[in-house]
Amino acid sequence: MSYLLVRELKRSKYRLLGLVGQGQFGRVYCASHRKTGRLVALKELDKYRFPTHKFLRELRFLLSLQHANIVTCHALEHTPTGRYLVMDYCEGGTLRGLMEEEIQLHPVQCLKLTVDVLLGLDHAHSRGIVHCDIKPENILLTLQADGWTARVSDFGIAHLHQESLGDASGNTGSPAYMAPERFYGQYSVKSDLYAVGIMLFELLAGHRPFSGVPAAMMSAHLNQPVKIPATIPTALQAVILTALQKLPARRFQSAAQMVAAVQVAANAAQLELEQTWADSRLLRSPLTLPSSVCRSVQKDALQAEVQQLVTVPILTVATNPSTLAGGGLGEKHEQVYQVCRRYIGCRTYPGGFWAAGAVPLENEGRSSLASVRLPKAVKKLLVRSQGCFAMTQRSIYRFPIELFQQGVAQHTQMAQQHAASTIVPLQHAVPELVAEFSRDFLAAIDAQGRWMAVAVLEPDKVTSALGFWNLSQMQALKPGSRSSSSGSRSGSAIHSPCLTAPPFHLAIADSRYVVAFSHIVDQGTHSYITGVLLEIFTRRGDAVSAFSLPVPLRQVVDSETPYHIVALEPGHTHSVLLISLKPLKLLRIGVDIVPIFVASASWGYVLMAADGQIVLLDRCGRVTGRFAGPASPTAIAVLEPYGLLIATWGNGEGALYTIDLRQLDVGLVF
Ligand SMILES: Nc1ncnc2c1ncn2[C@@H]1O[C@H](COP(=O)(O)OP(=O)(O)OP(=O)(O)O)[C@@H](O)[C@H]1O
């Protein structure tokens, strides 16, 4: 990151959060406004590479365009070292980036993005501006409650309608998206609609209609008929064919006309779209066209959803194989069910599934097995080298990690020896009470298990203070005391900062920083949650930064990778949100279960539904396995690299399960 820019910005109203990309004319940074926490993109404009006239030209276009589907420019900042544009930050990156993710986009989402682009263009066209460079690289994305929203950016080579035709700069652009007339230096609003037609083709077909070197592409755009794959519904084929007419007069006459045609075709093709999509995995959230903006969730609805997670349905576990979800869910489920049935019912222990139940199996006349008694419902499980930390409503317990490792190791050993007829008794484990609080609390433990951040929720529910613990000595660090935890610079005093709002989650960003998440409530109604405030503190309690996310969240989990978190969103029952914090990037992945818990592993993510269904995703969000675990989970965690811990609660009893994923043939690469 440019040292000078950082120094300048230290004195400015923005705090840099990270480098986002590099364009022809300078770098783009993600920054937050120091007072409001609003995220912005700072586009550095190198004065040598971006001559003043070009720069003023783009600024003239940008400042005149204020629309939800155009990346808004707020200001121009001058520093002694340069100048930069302050723009809306688009945390979803470019449409090109989304298309390159190996997650196929739902056709309805593709149509919505196309309509978004057309609405943005309609606004620009109504002000006499032709973009002239529409392509996925110039479409940025923001994430909202109803899915991705596309915003047109980069008006660098835009032209006014009345500017002279045949202008030498008129034929600059990207040949793959250029309308035939653009190769002759001519342009009009219909040239932009042609480019949108190519993009729509590419979104639905997965490739562009013409490819090759620029000369070949020019020839194809001018002469070659467009061949549309039969997989694209007929109604939409007609829209693409009209947009890609060689003669501008035969295309849609305005962006608004094309929006109407896309909407009619989308309705006509609804059934076909669903069928096309049936075999592939996609964003299954219902989407409407055009974007009906629903940026918030009702506070009560979120509370009810969260409540549902805590008060799980009651079922007895570990003593009765029928409580382990098994039937009707495919081969893998059946496989796990069989393993459990053999383990419990026939006194065999074939490996692959190890359970420690709160009710010892001797009660049913069976041999003794290790039993982990869970005194309370576990709300959060964290696995560190020092042990497995189980957090209940007001206490933190630590189980020796060996207990679980022993369980997994024994399965493996037994599976290898084919000694499926013996039950190996495991040690009874008594969890150690690490801390007890007089009120509800949240806690996060750093990856090395050296320190812990704790927020005890105050009764007034308006404020909460953040406290820090040295876990090697198992003690809370008092505000003003000197931190002596290993790895810290000695002599730094601990603070106990007050959080802006009561948090609903604490996460560790890396070995030095903790992030507090709190809901942002609509100031007018006080009943809608519109987003999430993230406040970042050092492990000594110094406030570092704060910024807001535009989407409400209901559950957040730290990821294996620093500055990455995984979250579930209220209202988005079939998806999981991958969040990178530095710089902010959001990726929503569609899944075909309703996850209520998510855990992160070095190889990907584990999602678990209330009925025990478990889906494993790799780091790119592809499904690598699915099977059924115990029902009524209250918390899950990964026991690296191949163990999965599941806490359940029912009938006043709790249980901790360990599943050895290697035994399940789930296609994971460890
Ligand atoms: N407002 C923004 N919000 C988020 N990311 C942005 C924003 N603007 C740009 N970016 C990111 O920064 C990268 C560089 O953008 P920039 O517009 O400077 O260059 P470019 O798109 O490569 O084209 P050019 O240099 O020709 O204008 C983009 O690829 C995009 O990922």
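Residues numbered from 1 in each chain as written. Predicted model: local features only at pLDDT ≥ 70, side-chain atom pairs only at ≥ 80, totals over all residues. Heavy atoms only, no water.

Caption draft 1: Examining the sheet that holds strand β13 (residues 387-391) more closely. The four strands are arranged β12-β13-β14-β15 in an open sheet whose pairing can be described as antiparallel. Two strands in the sheet have a free side with no partner beyond their single neighbour: β12 (380-384) and β15 (432-436). Across this sheet, the average inter-strand angle for adjacent strands is 20°, counted without regard to direction. With four bridges joining them, strand β14 (residues 395-399) and β15 adopt antiparallel strand pairing. Across the sheet, the residue bridging to Ile-396 is Ala-435, located in β15. (Pairing = 2+ DSSP bridges. Helix = DSSP H or I, 4+ residues; strand = E, 2+ residues; numbered from the N terminus. Axes fitted to C-alpha atoms, helices over the stretch in contact; angles between N-to-C directions.)

Caption draft 2: Up close: the confidence of the model for the chain. Per-residue confidence for the chain gives a mean pLDDT of 74, with 69% of residues at or over 70. Throughout residues 305-371 the model reports pLDDT below 50, and contacts reaching past four residues in sequence, or to other chains, amount to 160 contacts. In the predicted structure, residues 408-428 sits below a pLDDT of 50 and forms 44 contacts with residues beyond four places in sequence or in another chain. Our summary of model confidence lists the complex with pTM equal to 0.69 and ipTM equal to 0.96. (pLDDT = per-residue confidence, 0-100. Contact = heavy atoms within 4.5 Å.)

Caption draft 3: Seen up close, the UniProt feature "binding site: ATP" (unreviewed entry) in the chain. Within this numbering scheme, the UniProt entry marks Lys-43 as carrying the feature "binding site: ATP" (unreviewed entry). Assignment of secondary structure puts Lys-43 in strand β3 (residues 39-45). (UniProt positions renumbered as here; feature names shortened; annotations may be inferred.)

Caption draft 4: Structural detail: the site of the ligand. As a matter of local geometry, the ligand sits amid 16 residues, with Gln-24, Lys-43, Asp-88, Cys-90 and Asp-154 nearest to it. A distance of 3.0 Å separates a nitrogen atom of the ligand from a polar backbone atom of Cys-90. At 2.8 Å from an oxygen atom of the ligand is found a side-chain nitrogen or oxygen belonging to Asp-154. Elements with a minimum of two residues in the shell around the ligand: β1 (14-23) and β3. (Near = heavy atom within 4 Å. Polar contact = N/O pair within 3.5 Å; in protein donor to acceptor, adjacent residues only side chain to side chain.)

Caption draft 5: Molecular detail of helix α5 (residues 189-205). Helix length check: α5 (17 residues) gives 24 Å between terminal C-alpha atoms against 24 Å at 1.5 Å per residue, within 8%. Among the 17 residues of α5, 16 are classified as buried, and the element is accordingly described as predominantly covered. Positive backbone phi, approximately 90°, marks Gly-206, located one or two places after α5. (Expected span 1.5 Å × (residues − 1). Buried < 20%, exposed > 50% of the residue type's maximum accessible area, 1.4 Å probe, protein only.)

Caption draft 6: Region of interest: the sheet that holds strand β4 (residues 73-79). Strand order in this open sheet of five strands is β1-β2-β3-β5-β4, and the pairing throughout is antiparallel. Looking at which strands have only one partner, the edges of the open sheet turn out to be β1 and β4. In this sheet, adjacent strand axes meet at a mean angle of 25° when their direction is disregarded. Note: β4 against strand β5 (residues 82-88), six bridges, orientation antiparallel. Across the sheet, His-78 pairs through a bridge with Arg-83, a residue of β5.

Caption draft 7: Expanded view of unusual backbone geometry. Here the amide bond leading from Glu-640 into Pro-641 is cis, since omega sits at 0°, within 30 degrees of zero. As for its placement among the helices and strands, Pro-641 is situated in the loop between β33 (633-639) and β34 (643-650). Its identity is not glycine, yet Cys-132 carries a phi of approximately 75°, on the positive side. Inspection of the secondary structure puts Cys-132 in the loop between β6 (129-130) and β7 (139-144).

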